[in-house]
Amino acid sequence: MSKILKILAVVVAILVVAGIVLSLGKQPEPFPDGSESAARLQPGPLGVKSFNHTFVDSSRPTQAHGSYAGDDKRTMKGTVWYPAVTDQAPFPLVVYSHGFTSTKEGGAYLAEQLASLGYVVVSVNYPLTNMGAPDQPYVKDVVNQPGDVSFLIDTLIANSSESGHELEGLVDESRIGVTGISLGGMTSTLVSFHPDMGDGRIGAALSIAGPTSFANEVFFSHRQVPFLMLAGDIDALVPYPSNAAPVPAVVPGSQLVTVAGASHTGFAGPAAALRWLSNADVIGCSMVADNINASAEEELWYEELGTVEQGINHDAENELCLMDPLPPAMNILRQHMVTSVVVSSFFQSIFAADAGNREAAQRYLQEVIAEELTEVSYQASAL
């Protein structure tokens with residue numbers, strides 16, 4: 001073997017070992033054997049199919065910003081996950097929204113879990129807030145994302161009525177939920193409760209580490225939607241004390257699930273590769289802050305969310321990444337495990353076809369999860 005081939009062989013061996021370490025190293029502590037949490041973590045009984053599709057809303061423009069000239073339409077590359085059976089259709093529809101400087105892949109692990117339980121799930125790269133947005137990600141465009149969610153709902157309902165379409169007969173338009181991480185959680189909150197941007201078809205909303213400090217009790221009084229906030233208590237990007245902690249007191253009928261030691265960045269699927277870091281928010285803060293701070297236009301924009309009379313808090317402070325130093329965070333893979341069982345159980349508690357399954361899922365959230373998983377606590381609104 002020549003010297004060059006030997007060097008190549010060594011490089012390949014190193015890459016193989018590195019790949020094994022990345023995929024198998026630093027595994028999380030499993031859920032307790034025989035626990036309900038361990039059972040709920042398993043994939044559901046249904047096979048899962050998916051397809052990619054570029055969604056184009058020609059009725060609404062994409063705004064110009066920076067060097068980007070804008071467009072007369074909104075184009076979103078997306079993925080749809082759905083059960084590989086038809087005899088149990090139609091299924092609930094869930095729209096997943098990604099965070100700022102993230103992509104639709106951030107919630108793929110949640111979409112696959114939900115689809116295996118009997119859900120149609122759609123996720124897209126929003127035109128201006130995804131990682132590869134033109135010029136740079138533009139946080140203000142979140143005000144247009146509730147309209148994107150409504151467009152996706154319209155499209156998938158139409159697909160379900162279309163003969164020969166992959167989704168023919170699969171979407172139940174009476175059972176529609178939304179969820180998302182960070183800015184995606186905010187998108188889900190806006191489309192569920194906002195008096196102008198809201199969509200009355202939303203039957204359940206789950207925000208994962210999403211901002212809520214922009215809104216008050218008046219905002220959440222416009223609609224009555226089952227709402228759960230899932231958050232980490234050491235979140236450096238969307239601080240827990242001013243966003244998640246107030247939810248039970250501000251949102252009637254809401255639920256709060258708190259994960260001790262969970263970072264903000266750790267909720268996203270691709271963050272699994274960062275689990276060797278003490279706290280992945282060191283990366284999340286860098287990515288988000290660089291894009292938000294790159295433009296002076298980003299300083300004050302809460303008025304674009306609505307008026308004070310609508311319940312928008314125009315005096316909300318920017319608390320982005322003020323935590324210093326960052327405390328050690330939990331294993332990201334364990335964080336994904338907790339997120340999976342919370343998200344699936346919440347939607348099952350609202351949308352499961354069988355009343356017994358709905359009751360069991362709610363009991364799990366209210367009584368069981370905190371008993372079985374020491375890092376988890378649960379609180380319900382007294383309103």
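Here we summarise the structure given alongside this text. Position labels on residues start from 1 in each chain and follow its written sequence. Reporting of local features is limited, given that this is a predicted model, to residues whose pLDDT is at least 70; pairs of side-chain atoms are given and counted only at 80 or more, and all residues count toward the totals for whole chains, interfaces and linings. Note that water and hydrogens are dropped before the side-chain values are worked out from all heavy atoms of the structure.

### A few points about the packing of helix α9 (residues 332-351) against helix α10 (residues 355-372)
For step 1, the next point in the chain: In the contact formed by α9 and α10, the axes pass within 7 Å of each other and the chain directions differ by 140°. Comparing the axis directions of α9 and α10 gives the class oblique. Our pair here, α9 against α10, has a crossing hand that is left-handed. Where α9 approaches α10, its residues Val 341, Val 342, Ser 345, Phe 346, Gln 348, Ser 349 and Ile 350 are matched on the opposing element by Asn 357, Arg 358, Ala 361, Gln 362, Tyr 364, Leu 365 and Ile 369.
For step 2, the next point in the chain: The class makeup of the residues in the contact of α9 with α10 is 8 nonpolar, 5 polar and 1 charged. The convention used is that axes are lines fitted to C-alpha atoms, helices contributing only their stretch in contact, and that angles between N-to-C directions extend from 0 to 180 degrees. Only DSSP runs of H or I reaching four residues or more are called helices, and only runs of E reaching two or more are called strands; each is numbered from the N terminus. Any angle between 65 and 115 degrees counts as roughly perpendicular, while under 35 counts as roughly parallel, over 145 as roughly antiparallel, and the rest as oblique. If you view the pair so one helix is near and one far, a crossing is left-handed when the near helix is turned anticlockwise from the far one by less than a right angle, and right-handed when it is turned clockwise. The contact definition used throughout considers only heavy atoms, calling two residues in contact when any of these lie within 4.5 Å. Residue polarity follows a fixed list, in which Ala, Val, Leu, Ile, Met, Phe, Trp, Tyr, Cys and Pro are nonpolar, Asp, Glu, Lys and Arg are charged, and the others, Gly among them, are polar.

### Examining the packing of helix α3 (residues 108-117) against α9
For step 1, the next point in the chain: Following both chains from N to C, one finds α3 and α9 inclined at 40°, their axes separated by 10 Å at the closest point. The orientation of α3 relative to α9 falls into the category oblique. Note that α3 runs across α9; the crossing there is right-handed. Where α3 abuts α9, its residues Tyr 109, Leu 110, Gln 113, Leu 114 and Leu 117 lie against His 336, Thr 339, Ser 340, Val 343, Ser 344 and Phe 347.

### Brief notes about the pattern of salt bridges
For step 1, the next point in the chain: A pair is scored as a salt bridge if a Lys or Arg side-chain nitrogen falls within 4 Å of a carboxyl oxygen belonging to Asp or Glu. Taken as a whole, this structure holds 14 salt bridges when the rule is applied.
For step 2, the next point in the chain: A salt bridge links Asp 57 to Arg 60; the shortest N-O distance between them is 2.9 Å.
For step 3, the next point in the chain: Remark: exposure states derive from per-residue accessible area (1.4 Å probe, protein chains only) relative to the maximum for the residue type, with buried under 20%, exposed over 50%, and partly exposed in between. The class for Asp 57 is buried, based on a relative accessible area of 5%.
For step 4, the next point in the chain: For Asp 72, the salt bridge identified is with Lys 73, shortest N-O distance 3.9 Å.

### A closer look at unusual backbone geometry
For step 1, the next point in the chain: At the junction of Ala 89 and Pro 90, the peptide bond is cis and its omega measures out at 5° in the coordinates.
For step 2, the next point in the chain: In this structure, Pro 90 sits in the loop between β2 (74-83) and β3 (91-97).
For step 3, the next point in the chain: Cis geometry is adopted by the peptide bond preceding Pro 325, which originates at Asp 324 and carries an omega value of 0°.
For step 4, the next point in the chain: Note that Pro 325 resides in the loop between α8 (281-293) and α9.
For step 5, the next point in the chain: Non-glycine residue Ser 182 carries a positive phi angle of around 60°.
For step 6, the next point in the chain: In this fold, Ser 182 is placed in the loop between β5 (171-181) and α5 (183-193).
For step 7, the next point in the chain: You can call Ser 182 buried: its relative accessible area is 12%.
For step 8, the next point in the chain: Its identity is not glycine, yet Cys 321 carries a phi of approximately 55°, on the positive side.
For step 9, the next point in the chain: Following the sequence through the fold, Cys 321 ends up in the loop between α8 and α9.
For step 10, the next point in the chain: Its relative accessible area of 23% is what places Cys 321 among the partly exposed residues.

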